[in-house]
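# Structural description and commentary
This is what each chain is made of:
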Amino acid sequence: MQRRFALQPLWAQFIKQARRVNWRKVALFIVSLLLFILAIALMKEGAQALTPLVRDRFAINNAANSLGFGWFFAYVIMSGSPVAAAALTFFDAGALDRVAAFTMITGSRLGASFIVLFIGFIYVLRGRNRATSLSMGLLSFTVTGTLHFFVLLLGGLFLRTGALDNVRLGSGGLLTAFTDVVLDPVVALFVRFLPNWALFLAGLGVIMVSFSLFDKCLPEMALKESQVGRVSRLVYRPLVMFSLGGLVTLVSMSVSVSLSILVPLSARGFVRRENVIPYIMGANVTTFIDTLFAAVLLNNPAAFTIVLAQMVSVTIVSLLVQVTIFRPYERAMLAFVGWVTARNRNMALFMVGIFVIPALLLLL
Amino acid sequence: MRVLLATKGSAHSEVAVQMLLELARTLTISATVLTVIKDKGETETAATLMSQTAALLETAVADVQTRLRMGDAAAEILREATEGRYDLILTGRRAAHSMLRRILGSVTQHLLTKLPCPLLIAKERARPIRTVLLCDSGEFAPPLLQRLVDSLPELLQDVHITCLHVMSQISARPGLPGEQLRAAAEDLIKAHAPEGEWLQRDSRILAGLEVTHDLKVRHGLVVDEIAAEARGGDYDVVVIGAHRGMGWAQLMLDNLARQIVAEVDRPVLVVP
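Residues numbered from 1 in each chain as written. Chains lettered and ligands numbered in written order. Predicted model: local features only at pLDDT ≥ 70, side-chain atom pairs only at ≥ 80, totals over all residues. Heavy atoms only, no water.

## Concerning the overall build of chain B
To keep things clear, this is the line we draw: Helix and strand assignments follow DSSP, with helices taken as H or I runs no shorter than four residues and strands as E runs no shorter than two, numbered in order from the N terminus. Throughout, the radius of gyration refers to the C-alpha atoms, and the reference size of a globule is 2.2 Å times the residue count to the power 0.38. A simple rule labels every residue: compare its accessible area, found with a 1.4 Å probe on the protein chains alone, to the largest value its type can have, and call it buried under 20%, exposed over 50%, or partly exposed in between. Contact between two residues is taken to exist if any of their heavy atoms lie within 4.5 Å; hydrogens are not considered. Calculation of accessible area relied on Shrake-Rupley with a 1.4 Å probe; when residues are assessed, cover is drawn exclusively from the protein chains displayed. In this tally, Lys and Arg are treated as positive and Asp and Glu as negative; His is ignored, and so are the chain termini. The atoms used to mark charge sites are NZ of Lys, CZ of Arg, CG of Asp and CD of Glu.
Assigned secondary structure in chain B consists of 11 helices and 11 strands. For a compact globule of 272 residues, the expected C-alpha radius of gyration is about 19 Å, and chain B comes in at 19 Å, within 12% of that figure. Taking the principal axes of the C-alpha coordinates as reference, chain B spans close to 70 × 40 × 30 Å. With 272 residues in all, chain B has 56% of them scored as buried. Here the analysis covers contacts within chain B between residues at least 6 apart in sequence; of these, 82% occur between residues at least 24 apart. Accessible surface, chain B: about 12,200 Å² in total, of which carbon and sulfur atoms supply 51%. A distance of 5 Å separates the average location of the 30 positive side-chain charges in chain B from that of its 34 negative side-chain charges.

Listed below in structure tokens is the structure:
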């Protein structure tokens, strides 16, 4: 008798908790995950057919022009993660070597940083204040760019020396079984109706849909100023903001989404300059989580090492900057942003620069 | 006012002694000269130093005592300040530190974390306090100005105070109204922005005490803007909060007080 009464409150609690869960978002997440896995499978199939195009037609055959290629590719599709995934599938298909795949992923980060900037630029063209519209995008781009300059050097060193080669992860039995049973028939369906080169493009499209669905799964932050306003006004230790940026982006998988999550933390949408730069640094580490997952799905341990080299390099460079030269670095970044937003001419020069540089790299 | 002067006989300690003499011109002060030694071998030198300092102070300060302690400098200063219930700790600050000292933290930096009373760090040259730059973040209760009034009301006689708030915010995304990110103090007060409210609160407190004052807002990095304002306005002392925080705050918040003390080139008064 007593035991039956004890179980009921537990069951009632379970029902109560279950009702709180947003099952629509859970379903969206599962669909997004399935689409991501499908996309990688399609891109893997199609990458082989595109190898001659990439290597011969576009002449993407060294670290410099693959950096430019990834950069421009991300501009075109306004997203970095699909380009990073594409870099891994090209590597898997033999179109790119390790270092070229690494630099193409780096290029994807630089191209992806343009997105927030582009939106700000549109606001400037519509007459809004330059500094207000562009500061965050410029900071994101500049911090990412300066960090990745050193990441290229360090990551390249890791890959050339094979320092991280022993740290590898394959897809594992469970995932392989799942893809064999569930996904292979779907991929076979695509293969039947599409030429191989189109499989890659189809995969690219599916991955973008996957990310778009994933963004819809993210919790809506509708916090009032009074709830966290004080917290958003305080100046945190750089390492704390670095960790927060990394943690938030581990969930969002996108630096631009992580930055937009900062908006509801203050009713006015303001964030402290001191907090933003380390936050962006942290976001740049875990933004590769989806690319890491793509490497696992490809079942290519060498691809996993490439992404790991990115993440480890970004982490080391970020921490070194924070521990040694953070204040001068912070001032330099903010001074540069101030210079760009000071005059239209400076802004124009900057915008031309971020198109000319990847174009020049492509020609190398 | 009971002042604890922590001295080691070096050049930066001399500035602290001069600062105390300046304070004694306008305030009624009783002073204790404290020297902390590392081992017994330094006793004689320390005793000589303290008696010389005491003799110098006795020309302007009625009640001068000396104390010698042995151990870690910061810990002993704090222990003496707590046991003796002083109103103010006065110390100098070395202009440059060795790399090891910068990593381990200076005596001043260790003092900042556990202050039982305000700490005046004398720097550059001693000067009478006539113009004060009060840097209020607005985030901690009670407000910095109220804490200053409660702990050192004598310091507010015949001074002019500039209440400064630094807005280091930028817009988190484009398209947001960003006028407040460039606004002056009056505009923020008119807009009832949080920064304007804090400045207005400080103005009411100072008006009640009949202290002449003005309100300022600067936009940029907190530490840099405070240092720039201190230099540009040629203030006699910069007043900041200790921002010790408790628990998570101490672990997670950046220690701006430490950075401001390092960057500002004139006396800094840290109020816990």
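Read on for the rest.
## Considering the interface of chain A and chain B
Heads up, the condition is: For salt bridges, the criterion is a side-chain nitrogen of Lys or Arg within 4 Å of an Asp or Glu carboxyl oxygen. In the analysis that follows, any N or O atom pair within 3.5 Å is treated as a polar contact, provided that within protein one partner can donate a hydrogen and the other can accept it, and provided that, for residues neighboring in sequence, both atoms belong to side chains. Strand pairing is defined by DSSP finding a minimum of two bridges between the two strands.
At the interface, 34 residues of chain A touch 36 residues of chain B. A:Arg268 is the partner of B:Glu195 in a salt bridge, and the nearest nitrogen-oxygen pair spans 2.9 Å. At the surface where chain A touches chain B, the tally comes to 19 residue pairs in polar contact (both at pLDDT 80 or more). For the side of chain A that touches chain B, the secondary structure elements donating two or more residues are α5 (98–125), α6 (130–161), α9 (225–233), α10 (238–252), β1 (270–272), α12 (273–286) and α15 (326–342) of chain A. The pairing of β1(A) with strand β8 (residues 169–171) of chain B spans three bridges and is antiparallel. Bridged to A:Val271 within β8(B) is B:Ile170.

## Quick notes on the packing of helix α4 (residues 81–93) of chain A against helix α13 (residues 289–297) of chain A
Packed helices, taken two at a time, are described by their axes: the angle between them and the distance between them. Residue and element names in this part refer to chain A. The following threshold applies: Axis lines are fitted to C-alpha atoms, over the contacting stretch for helices. Their N-to-C directions set the angle, which ranges from 0 to 180 degrees. The cut-offs work like this: below 35 degrees is roughly parallel, past 145 is roughly antiparallel, 65 to 115 is roughly perpendicular, and the gaps in between are oblique. Crossings are classed by handedness, with left-handed meaning an anticlockwise turn of the near helix from the far one by less than a right angle and right-handed meaning a clockwise turn.
At their nearest, the axes of α4 and α13 sit 9 Å apart, and the two run at 30° to each other. One finds that α4 runs roughly parallel with respect to α13. Crossing hand, α4 versus α13: right-handed. Contacts between α4 and α13 involve Ser81, Ala84, Ala85 and Leu88 from the first element and Asp290, Thr291, Ala294 and Ala295 from the second.

## Quick word on the pattern of salt bridges
Residue and element names in this part refer to chain B. The final tally for this structure, using the stated rule, is 22 salt bridges over all chains. With its nearest N and O atoms 3.6 Å apart, the salt bridge here joins Arg127 to Asp234. On the criterion of sequence distance, the pair formed by Arg127 in the loop between β5 (119–122) and β6 (131–135) and Asp234 in the loop between α9 (222–233) and β10 (237–241) is long-range, its members being 107 residues apart. In this structure Arg127 comes out as buried when scored by relative accessible area, which is 9%. Looking at Asp234, the relative accessible area reads 42%, which means it is partly exposed. Residue Asp234 is joined to Arg266 by a salt bridge in which the shortest nitrogen-to-oxygen separation is 2.9 Å.

## Observations regarding the nonpolar core
Note the threshold: Among buried residues, those of type Ala, Val, Leu, Ile, Met, Phe, Trp, Tyr and Cys that are joined through side-chain atoms within 4.5 Å constitute a nonpolar core.
By size, the foremost hydrophobic cluster in this structure holds 115 residues, and its most contacted members are A:Phe90, A:Met104, A:Leu139, A:Val143 and A:Ile277. The leading source of residues in this core is helix α14 (residues 301–324) of chain A, at 11 residues. What A:Met104 contacts, discounting residues up to four positions off in sequence, is A:Ser66, A:Leu67, A:Phe69, A:Gly70, A:Phe73, A:Val83, A:Ala86, A:Ala87, A:Phe90 and A:Leu96. One finds B:Val3, B:Leu5, B:Ala31 and B:Val159 within the second-largest nonpolar core, a separate group that totals 55 residues.

## Topic: the packing of aromatic side chains
All names here are of chain A. How we decide: The pairing test for Phe, Tyr and Trp rings, Trp by its six-membered ring, is centres within 6.5 Å, and the orientation test on the planes gives stacked under 30 degrees, edge-to-face over 60, and tilted for anything in between.
All told, the structure shown has 16 aromatic pairs over all chains when counted by the stated rule. Their ring planes at 70° and their centres at 5.9 Å tell us that Phe36 and Phe211 sit as a pair that is edge-to-face. One end of the pair, Phe36, is in helix α2 (residues 23–57); the other, Phe211, is in helix α8 (residues 196–217), and 175 residues separate them in sequence. Each member of the pair, Phe36 as well as Phe211, carries the same accessibility label: buried. With a centroid separation of 5.5 Å and 85° between ring planes, the pair formed by Phe114 and Phe355 is classed as edge-to-face. Of the two residues, Phe114 sits in helix α5 while Phe355 sits in helix α16 (residues 344–363), which places them 241 residues apart along the sequence.

## A few points about helix α3 (residues 63–77) of chain A
Residues and elements named next belong to chain A. We apply this condition: To estimate how far a helix should extend, the number of its residues minus one is multiplied by 1.5 Å.
Between its first and last C-alpha, α3 extends 21 Å over 15 residues, near the 21 Å set by a 1.5 Å rise per residue. Burial analysis of α3 places 11 of its 15 residues in the buried class, the great majority of the element. Burial in α3 covers these residues: Asn65, Ser66, Leu67, Gly68, Phe69, Gly70, Trp71, Phe73, Ala74, Tyr75 and Ile77. In this fold, the buried residues of α3 make contact with α4, α5, α6, α8 and α16. Of the residues that open α3, the one with a side-chain oxygen 3.0 Å from the backbone nitrogen of Ala64 is Asn62. A positive phi of about 55° marks Met78, the residue just after α3.

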